[in-house]
Amino acid sequence: MSGLRVLVGCKRVIDYAVKIRVRPDHLGVVTDGVKHSMNPFDENAVEEAVRMKQKKVAKEIIVASCGPTQSQETIRTALAMGADRGIHVELAKGEEDLQPLAVAKVFAKLVEKEKPDLVILGKQAIDDDSNQTTQLLAGLLDWPQGTMASVLEHSDGVLKITREIDGGLEDISVKLPAVVSADLRLNEPRYATLPNIMKAKKKKIEKMSVADIGVDVTPRLKVQNVVDPPVREAGDKVPDVSVLIEKMKEKGHLK
Amino acid sequence: MALLGRIGRQVCQRIVCSRSISMSLSDEQKEIMDSTRKFVYDEIIPKAAYHDETGEYPWEIIRSAWDLGLMNTTIPEEYGGLGLSLMDLSLVLEELGYGCTGISTAIAGNSLAESPVIIAGSHELKKKYLGRMTEEYLVAAYGVTEPSAGSDVASTRTTSRKVGDEHVINGGKMWITNCGHANWFFVFTRSDPDPKAPAGKAFTAFVVDADAPGVTVGRKEWNMGQRASDTRGVTFDDVVVSSDNIVGQPGGGFKVAMACFDKTRPTVGAMSLGLARRALEEATKYSMERKTMGKPIFMHQAINFMLADMALKYELARLMVWKSSLEYDEGRRNTYYASIGKLYGAIAANENASDCVQVFGGNGYNKDYPAEKLMRDAKIFQIYEGTDQIQRLIIGREHMTKYM
């Protein structure tokens, strides 16, 4: 392999530091005028691809995002971190409710078009916490997958991946081409330096619509209701275990 | 006559329209701000209290800032810099100032020293002294102030005299930022010993290598605030400098020193904005948690009005700093606006910091809370880069020139 071609996905989400507010119609959260930035796990994905390029393991990094017009800013940030060029699948009005299956289908089309050796996505987006796109994409492409990756090593068309799973760490190896999702501990994402922000201006971003690539992004799931988590109530202090058991029985937690 | 009046009005309207300033930032400027802000949250804010406490020079932080390209932003591209505009630098410095004005002053000290060289240096001088700043991680210092010459720059006592093709400098400077770590100094000297010589011809400015024989750096001065910044005195004892190191024309140093301020005052104003905003945000966050008489204190009008006044001052100061930067970038003389922006920025910083301590109440007086540092750091903005009084002199003078 004389240098892999890597496709990285990134999503524009509400910035992690913002205080989220539920919309008055309870069908979502307030996004107007709220600060947005690149999904943190996607930063890990972009960073990993850039490191692979620095180590000469990768030779081209294409960053893609499926989202509204402002997703362009997210793509520019990825370009400033070191990606070579961008693809913006721009959503039209009415298409903004984008769900993982639709994203996976879009990326499957991009894979068909760009023929990368490796796709790296963020493990999950911090707005919907789905953790589905990578798996769905791998399924659609019939490619091997390595999710929740915290270590990624390449040699001769084989990827050694360490996955963070509930029980601990799992080591697997997959043959390329493959789809991988980045976890937080995969790397420490770099800051976009000012010189790189300036250079990123000259990098190309290809724009296309969902119709251009022939994907149906109609949502299959409908959000019924969004509410704030219940306000935490004050607890009760009890003097000893017997009183504790009594109280628990009272409240029906113990029979 | 009526026709002339109508044409005159149309011409005026067209002039006004073509000179209107856009208030929105470009995508690139927003990215630069975001990147800087992230750096500030991750690298500066967690460590600022430590450097304030110990006075230790924040080498690691400055190094990271240099890596990010935050330090030599206005050096022209041909010497390895980014050639960013003054407006871009103002955005960066506001964010850095929000994190810690002591650390941001250390970072901005480079821009201050580099300004005269960028404005008036010869091509060779720029290549030699600006080029190295972008190739290596270095710090430079601007040496004009002396123990007995602060506001009265013209009474500078450091002298330079021509000996053959070289110059010999004798004297001392005080309150020089980055003094203890500088690779080179911009030094302002009196080159004409005749006390009657006019200011425009009596001074010469030089770039002096810090390792030149005769340069002795003093001890770190312990100041009220911005303690992370390194301020010292430096003495020049028969320091020999080549004629090639003159910045601008021999005898024309005063003009060079003054011209810098048009560039550096907006940036110092920008740092004070960062502090003003920090004071506002810390006070706001505290007022949402602290309760008195059954409600969070921001719900009491007395506190809410204080926050409103702090917001007011910040927004107004920001507009003036932006305007003075934009005027400079568009090639117009910005002296009047630069002084207004710097002065009002200092007022906003100091008043906001004091109000922040007030909102925090007893906790505001205590080192475990962020308010007291802001008040100690803010004061210097009314003193360095031209005192509040000097700014008023300039504003008053510039104002009168419109009438005379």
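Everything numeric here is computed off the predicted structure, so don't read it as measured data.

Draft legend 1. Representation of unusual backbone geometry in the model. The linkage connecting A:Leu176 with the following residue, A:Pro177, adopts the cis geometry, with an omega of 0°. Summarising the element assignment, A:Pro177 is placed in the loop between strand E9 (168-175) and strand E10 (178-182). Phi is positive for A:Asp142, close to 60°, though the residue is something other than glycine. Here A:Asp142 is to be found in the loop between helix H4 (133-141) and strand E7 (145-155). Even without a glycine there, the phi angle at B:Glu385 is positive, about 65°. By the element assignment, B:Glu385 lies in the loop between helix H12 (371-378) and helix H13 (388-401).

Draft legend 2. Geometry of the pairing of strand E6 (residues 118-122) of chain A. Residue and element names in this part refer to chain A. Within E6, five of the five residues are buried, which leaves it mostly tucked inside the rest of the structure. In terms of strand pairing, strand E1 (residues 4-9) meets E6 through three bridges, oriented parallel. The partner of Val8 across the bridge, within E6, is Ile120. As defined by bridge partners, E6 adjoins E10 across five bridges and the pair is classed as parallel. Looking at the pairing, Leu121 lines up with Ser181 of E10.

Draft legend 3. Broad picture of the environment of B:Ile107. Residue and element names in this part refer to chain B. Checked against the element boundaries, Ile107 lands in helix H5 (residues 101-120). For Ile107, a relative accessible area of 1% puts it in the buried group. Spatially, the C-alpha atoms of Ile107 and Phe254 are 25 Å apart, while their sequence positions differ by 147 residues. Ignoring any residue separated from it by four or fewer positions in sequence, one finds Ile107 in contact with Ile62, Ala65, Leu70, Met71 and Leu96.

Draft legend 4. Spatial organisation of the state of the cysteines. Residues and elements named next belong to chain A. Taken as a whole and assessed by the stated rule, the structure comprises zero disulfides over all chains. Left unpaired, Cys10 is separated from the closest cysteine sulfur, that of Cys66, by 11 Å. Note on Cys66: relative accessible area 11%, which makes it buried.

Draft legend 5. Representation of the nonpolar core within the structure. One finds A:Ile120, B:Phe39 and B:Leu96 to be the most contacted residues of the largest nonpolar core, which totals 97 residues. In terms of residue count, the dominant contributor to this core is helix H9 (residues 253-289) of chain B (10 residues). Excluding its chain neighbours within four sequence positions, the residues that come into contact with B:Phe39 are A:Tyr191, B:Ile44, B:Ile61, B:Ser64, B:Ala65, B:Leu68, B:Leu70 and B:Leu96.

Rules and cut-offs
- Residues numbered from 1 in each chain as written.
- Chains lettered and ligands numbered in written order.
- Predicted model: local features only at pLDDT ≥ 70, side-chain atom pairs only at ≥ 80, totals over all residues.
- Heavy atoms only, no water.
- Helix = DSSP H or I, 4+ residues; strand = E, 2+ residues; numbered from the N terminus.
- Buried < 20%, exposed > 50% of the residue type's maximum accessible area, 1.4 Å probe, protein only.
- Pairing = 2+ DSSP bridges.
- Contact = heavy atoms within 4.5 Å.
- Disulfide = S-S within 2.5 Å.
- Core = buried A, V, L, I, M, F, W, Y, C linked by side-chain atoms within 4.5 Å.

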